[in-house]
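What follows is each chain in one-letter form.
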Amino acid sequence: MREDSFLRGVLVLTLAGLAARALGAVYRVFLYPLLGPEGIGLFQMAYPVYSTLLVLSTSGANVALSRMVSARLGAGKSAEVGVVFRAVLGVLAVVGVALGAALFAASPWLAGAVYREPRAAPALQAVAPAVLAVVMMSAYRGLFQGYQKMHPPAVSQIVEQVVRVGTMFLLAWLLLPAGVAPAAAGAAFGATTGGAAGLVYLAWCARARPGDDAAERGARRGGPPRGGDFLPVMREFLGQAVPVSMTGAMFTVFTLADVVVPARLQAAGFSPEAATAWYGRLTGGAMPLVNLPSLFSASLQLALVPAVARCLAAGDREGAADRAATGLRFTVTLTAAAAVGLAVLAEPICATLYGDPKVAVALRPLAGAALFLGLQQATAGILQGLGEVAVPLWHLGVAAVLKVVMTWYVAGQPSGVVGVAWATVAGFGLAGLLGIAAVARRLGRVASVSDLVLRPGAALAVMGLCLPALYRWGQGATGSPWGGIGLGVVAGACLYLVALLVVGGFRESDLEMLPARARFLEAWLRRSGLLRP
């Protein structure tokens, strides 16, 4: 299995994430009528505790392991990879068993004391075994990402989701005659079967094959590490994994800060019903749309960690800076386009998707958060690759303080959710800018103002000015608002890409993202003179 190029790895992870999210959207649409509101309520009660356990136990594990593996490969110490992988896998297996058993045992108490719904206990117990599978998967994903082989982790996401959704519907349908509580538990058990399927797939991919190098085979086979190797490895692993996990957990502060919004809106003169409605438009309508572009930047973050770490371990700071510059350039190019598109087409998107054009009031200002969230994730990946795993945590901590303070103040003003949206933009903006400054201090100026602002800004201006007309054209051609949005977005994206080419927004190295079937396009682009070296 060959090593993926940096940009192709990002593309593979992004496409897999899109496919997994699409499958997730399908189950949400069709599971509701099967279980009904009561069954869905019991099903949903299983996930907050489960998700919290996974964030704390896995969000830093694959990042830390991928950096440890890639750093050893870059330093020519590939023989140590096996010791590192087996030590981390063993510890994560113990953690997974302990957390899963604790969740299973505590399920009746959580259902009765926290949810005040004893019928939720079977659903909570059904997801408990999934903790072990998902925690162990994070080790295998970290191993492959450390080798910069992104296809197995990407495919495992799809395998996991396909089996999960299939199990969910099958068991919910079979158990529904026994009542909504057993049916909800059967649907929740899909997390366990999906996690197990993903783990089996990754373990299968990790078997030695002809053509694999000896060091990689050593990482996948052999006995447990010796005691003298174990403690140093675990100190290094925990020193990197814990700050990354805490960084992931810090994002919840941005969500929790909005809890005060309904009460503050009422203090500003909104009725309780209006305050609740505006809170729903902000958090349930606008924010999910703004989070969509983070699928790309999250994939980029995962790919940046091993790419930068490997260059640094090999003494190639210029290569690390080049990876960082490419990551930042692509982050701005894609997330800024998403932000402009959401802002310009906010009203038709919200009216068509939600049947409520008032969501656009929150979406227009909030759209800018897509850009700054992307910058935060990209710079976090660079800094984590450099070994500065605690720095992104401090950046998010400072940004969270700003977000909390601003939200409390502006939510009590007549501006309402518009001010709260700007508070979110300011919070992520501060985190992103602090990240860029930190990268520049460690690697020098990795990207020019022209690459990050002027060239994409010119292309964005062209796209933004033309988008309303493109939407109207698409709507007229199809007779449907959905058609207007679909054709308008596609035409706007094509126009944006052409404008980027004209202003020199692409480099020759960016062609590595193109698949083999697009070689004719690569040849034309090289002859066009539109690509910079």
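See the structure above.
Below you will find a few notes about this structure. The shown structure was predicted, so the numbers you read here are calculated from the model rather than taken from an experiment. (Residues numbered from 1 in each chain as written. Predicted model: local features only at pLDDT ≥ 70, side-chain atom pairs only at ≥ 80, totals over all residues. Heavy atoms only, no water.)

### Comments concerning the overall build of the protein
Scanning the protein from N- to C-terminus turns up 23 helices and 0 strands. Scored against the burial criterion, the 533 residues of the protein give a buried share of 52%. Put simply, 80% of the contacts in the protein that link residues at least 6 apart link residues at least 24 apart. A total of about 22200 Å² of accessible surface is found on the protein, and carbon and sulfur atoms cover 69% of it. (Helix = DSSP H or I, 4+ residues; strand = E, 2+ residues; numbered from the N terminus. Buried < 20%, exposed > 50% of the residue type's maximum accessible area, 1.4 Å probe, protein only. Contact = heavy atoms within 4.5 Å. Areas by Shrake-Rupley, 256 points an atom, 1.4 Å probe, with all protein chains shown as cover.)

### A look at the packing of helix α6 (residues 130–146) against helix α9 (residues 190–205)
For the pair α6 and α9, interaxial distance at closest approach is 8 Å and the crossing angle is 30°. Between α6 and α9, the interaxial angle falls into the category roughly parallel. Between α6 and α9 the crossing geometry is left-handed. The segment α6 lies against α9, with Ala130, Ala133, Val134, Met136, Met137, Tyr140, Arg141 and Phe144 engaging Ala191, Thr192, Gly195, Ala196, Gly198, Leu199, Leu202, Ala203 and Cys205. Here the contact of α6 with α9 is composed, by residue class, of 13 nonpolar, 3 polar and 1 charged. (Axes fitted to C-alpha atoms, helices over the stretch in contact; angles between N-to-C directions. Parallel < 35°, antiparallel > 145°, perpendicular 65-115°, else oblique. Left-handed = near helix turned anticlockwise from the far one by under 90°. Nonpolar A, V, L, I, M, F, W, Y, C, P; charged D, E, K, R; others polar.)

### Quick notes on a nonpolar patch on the surface
A cluster of nonpolar residues, Leu170, Trp173, Leu174 and Leu175, forms a patch on the protein surface that exposes about 420 Å² of accessible area. Looking at the secondary structure, you find leucine 175 in helix α7 (residues 151–175). (Patch = residues over 30% accessible without salt bridge, like charges linked within 9 Å, V, L, I, M, F, W, Y side chains within 5 Å. Salt bridge = Lys/Arg side-chain N within 4 Å of Asp/Glu carboxyl O.)

### Details of the side chain of threonine 335
Mapped onto the secondary structure, threonine 335 falls in helix α15 (residues 317–344). When its relative accessible area of 1% is taken as the criterion, threonine 335 is described as buried. Here threonine 331 takes part through its backbone oxygen, which lies 2.5 Å from a polar atom of the side chain of threonine 335. Here threonine 335 is in contact with Pro293, Ala370, Leu371 and Gly374, once residues within four sequence places are set aside. (Polar contact = N/O pair within 3.5 Å; in protein donor to acceptor, adjacent residues only side chain to side chain.)

### Details of the environment of alanine 196
Position of alanine 196 among the secondary structure elements: in helix α9. We classify alanine 196 as partly exposed; its relative accessible area is 34%. In this structure the C-alpha to C-alpha distance between alanine 196 and methionine 137, which are 59 residues apart in sequence, comes to 8.8 Å.

### Some details on the nonpolar core
Formed by 85 residues in total, the largest nonpolar core has its most connected members in Leu363, Leu366, Ile382, Leu443 and Val446. When residues in this core are grouped by element, the largest group, 11 residues, is from α15. When near neighbours in sequence (up to four residues on either side) are disregarded, leucine 363 contacts Ala286, Leu289, Val290, Leu342, Ala346 and Cys350. (Core = buried A, V, L, I, M, F, W, Y, C linked by side-chain atoms within 4.5 Å.)

### Focus: the packing of aromatic side chains
Under the defined criterion, the tally for this structure stands at 3 aromatic pairs. Summarising the aromatic geometry, the rings of phenylalanine 85 and tyrosine 140 are spaced 5.3 Å apart at their centres and angled 65° between planes, so their arrangement reads as edge-to-face. Here phenylalanine 85, found in helix α4 (residues 81–114), pairs with tyrosine 140, found in helix α6; they are 55 residues apart in sequence, far enough to count as distant. Accessibility assignment for this pair places phenylalanine 85 and tyrosine 140 in one class, buried. Centre to centre, the rings of tyrosine 201 and tryptophan 204 are 6.2 Å apart; their planes meet at 35°, and the pair counts as tilted. Taken together, the residues span about one helical turn, with tyrosine 201 and tryptophan 204 both in helix α9 at a distance of 3 residues. (Phe/Tyr/Trp six-rings, centres within 6.5 Å; stacked < 30°, edge-to-face > 60°.)

### Quick word on the packing of helix α3 (residues 61–74) against α4
Orientation of α3 relative to α4, taken along the N-to-C sense of each, is 170°, at an axis distance of 10 Å. Classified by the interaxial angle, the pair formed by α3 and α4 is roughly antiparallel. Crossing of α3 over α4 shows right-handed handedness. The residues of α4 that touch α3, namely those facing Ala61, Leu65, Met68, Val69, Arg72 and Leu73, are Val81, Val84, Phe85, Val88 and Leu92.

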